[in-house]
Amino acid sequence: QVQLVESGGGLVQAGGSLRLSCAASGTIFSINNMGWYRQAPGKQRELVALITNGGSTNYADSVKDRFTISRDNTKNTVFLQMNSLKPEDTAVYYCNANIKRRIYDLGSLYWGQGTQVTVSS
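The structure contained in this document is the topic of the report that follows. (Residues numbered from 1 in each chain as written. Predicted model: local features only at pLDDT ≥ 70, side-chain atom pairs only at ≥ 80, totals over all residues. Heavy atoms only, no water.)

### Some words on the environment of D105
- Assignment of secondary structure puts D105 in the loop between β9 (91-100) and β10 (108-111).
- Once the C-alpha coordinates of D105 and D65 are considered, the two residues, 40 residues apart in sequence, prove to be 36 Å apart.
- Only 3.2 Å separates the side chain of D105 from the backbone nitrogen of R101, close enough to count as a polar contact.
- At 3.0 Å, the side chain of D105 forms a polar contact with the backbone nitrogen of R102. (Helix = DSSP H or I, 4+ residues; strand = E, 2+ residues; numbered from the N terminus. Polar contact = N/O pair within 3.5 Å; in protein donor to acceptor, adjacent residues only side chain to side chain.)

Structure follows, in structure tokens:
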């Protein structure tokens, strides 16, 4: 069994910063891509940032130059540093990870439970 547990959400004023963390635990052989998604009320879930196991990153245009994704492979953890937050960043943020539980697995996608980020104007 694999679990992804997020932390670090909360309420912040516009212009402020938050750092999200997501730790994977359980039976894990290796982790490929890890990412952060968000879903605002009435909107579809959208990709925020993605990081490969080699450290290559990709960002949504709306968060480039403000958000930074990183990972600690020794702790199976992915981070999202969010700076210069705007009210439109308000959403539930979800992490996901493509995880191989055993050496011959193809890998499966796992999701965290989500953490609320609210940015007040």
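### Some words on the pairing of strand β11 (residues 115-120)
- The alternating pattern of β11 places T115, V117 and V119 on a buried face, while none of Q116, T118 and S120, on the opposite face, is buried.
- The pairing of strand β2 (residues 10-13) with β11 spans 4 bridges and is classified as parallel. Following the sheet pairing, V12 is matched in β11 by V119.
- Two elements, β9 and β11, share 3 bridges in a ladder whose sense is antiparallel. If you follow A91 over to β11, its bridge partner there is V117. (Buried < 20%, exposed > 50% of the residue type's maximum accessible area, 1.4 Å probe, protein only. Pairing = 2+ DSSP bridges.)

### A few points about the sheet that holds strand β8 (residues 77-82)
- Taken together, the 4 strands give an open sheet; going across it, the order is β1-β3-β8-β7, and neighbouring strands pair in antiparallel fashion. This sheet does not close on itself; its edge strands, each paired only once, are β1 (2-7) and β7 (67-72). Averaged over all adjacent pairs, the angle separating strand axes in this sheet is 15°, with direction ignored.
- Looking at chain direction, β7 and β8 are connected through 6 bridges and run antiparallel. Residue pairing in the sheet places T68 in a bridge with Q81 of β8. (Axes fitted to C-alpha atoms, helices over the stretch in contact; angles between N-to-C directions.)

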